[in-house]
Amino acid sequence: HDSIDCAAIAPTPLPPWTASKMDPQSFIVKAYSMINSCVSDVCAWSDQGDSFIIKDQERFTALLPHFFKHKNFRSFVRQLNFYGFRKIRAENSLLPSRPQHWAEFKHESFKKEQPGLLKQIKRTGTTDQRGREGGELSEHGCLKEQVANMQERIDSLTALVARIVQVRSMIHPEPWSGGWSIG
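Residues numbered from 1 in each chain as written. Predicted model: local features only at pLDDT ≥ 70, side-chain atom pairs only at ≥ 80, totals over all residues. Heavy atoms only, no water.

With that settled, consider the layout of surface pockets. Over the atoms rolls a probe the size of a water molecule, and in doing so it shows where empty space is left. In this model, the largest pocket occupies a volume close to 890 Å³. If you trace the largest pocket, you find 33 residues lining it, with Lys87, Arg89, Gln100, Trp102 and Asp155 closest to the centre. Of all the secondary-structure elements, those providing two or more residues to the lining of the largest pocket are helix 4 (73-82), strand 3 (86-88), strand 4 (103-106) and helix 6 (139-171). Looking at which element gives the most residues to the lining of the largest pocket, the answer is helix 6, with eleven residues. A breakdown of the residues in the lining of the largest pocket according to their chemical character gives 14 nonpolar, nine polar and ten charged. (1 Å grid on protein atoms, 1.4 Å probe; cavity = no way out; pocket = protein on both sides within 12 Å on 5 of 7 lines; lining within 4 Å. Points joined across faces, edges and corners; volume = space filled by probe spheres on them. Helix = DSSP H or I, 4+ residues; strand = E, 2+ residues; numbered from the N terminus. Nonpolar A, V, L, I, M, F, W, Y, C, P; charged D, E, K, R; others polar.)

Below, the structure is given as structure tokens:
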């Protein structure tokens, strides 16, 4: 995979047979194109190709306007949630196998080199056309959004605790008994 910055290139086109079955302006098509276009240190497919990992949220966010009409990472994540993506968590949040700031997302029909599956991904979370067009969300959609926001806060707090533990171990390298003490 060549190391080119996604901001410097046009979105990677999907095969004509896929594009004809989906609206080329759809969120899913744009997200798939963006992930395929990004350099691997910003965003990349997992080794298995069944999920994608955002490795540099700041640089990823800066690239959003090249594919979408906004530059808001939370809006991007909210859209992923509306389409049924789920965030993959490290098994042990304080001792992850990868950096805490990486965010991995998965959907069973969003896979590397399988654009034909994209047409199976449908938006959820709204009950009528008015909700889909940005009007009031259904109660279910509002709850999903609240859960997504709370999950982002939990992720942020988990990363903060991990940083605190790391800083504490640099200041006091001896094993920590777990009790809080001053001095």
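On we go.
Spatially, 1-2-4-3 is the arrangement adopted by the four strands of the open sheet, whose pairing is antiparallel. Edge positions in the sheet fall to strand 1 (43-45) and strand 3, since each has one partner strand and no second. The sheet shows a mean angle of 30 degrees between the axes of neighbouring strands, direction not considered. In the packing of helix 4 onto the sheet, contacts are made with strand 2 (51-54) and strand 4, and the angle to strand 2 comes to roughly 165 degrees. (Pairing = 2+ DSSP bridges. Axes fitted to C-alpha atoms, helices over the stretch in contact; angles between N-to-C directions. Contact = heavy atoms within 4.5 Å.)

This part covers the state of the cysteines. The final tally for this structure, using the stated rule, is zero disulfides. Free of any disulfide, Cys43 has its nearest cysteine sulfur in Cys38, 5.1 Å distant. (Disulfide = S-S within 2.5 Å.)

A few words on the environment of Val39. Along the chain, Val39 turns up in the loop between helix 2 (27-37) and strand 1. A residue is classified by how much of its surface remains accessible, and Val39, at 4% relative accessible area, is buried. On a C-alpha basis, the gap between Val39 and Phe60 in space is 9.9 Å, while along the polypeptide they are 21 residues apart. (Buried < 20%, exposed > 50% of the residue type's maximum accessible area, 1.4 Å probe, protein only.)

Another point: the pairing of strand 2. Every second residue of strand 2 is oriented toward a common face, with Ser51 and Ile53 on one face and Phe52 and Ile54 on the other, all of them buried. Bridge analysis of strand 1 against strand 2 gives three bridges, and the strand direction is antiparallel. Across the sheet, the residue bridging to Cys43 is Ile54, located in strand 2. Connecting strand 1 to the next strand, strand 2, in antiparallel fashion are five residues, including Gly49 with a positive phi near 75 degrees. As judged from the four bridges shared by strand 2 and strand 4, these two strands associate in the antiparallel manner. Residue pairing in the sheet places Ser51 in a bridge with Lys106 of strand 4.

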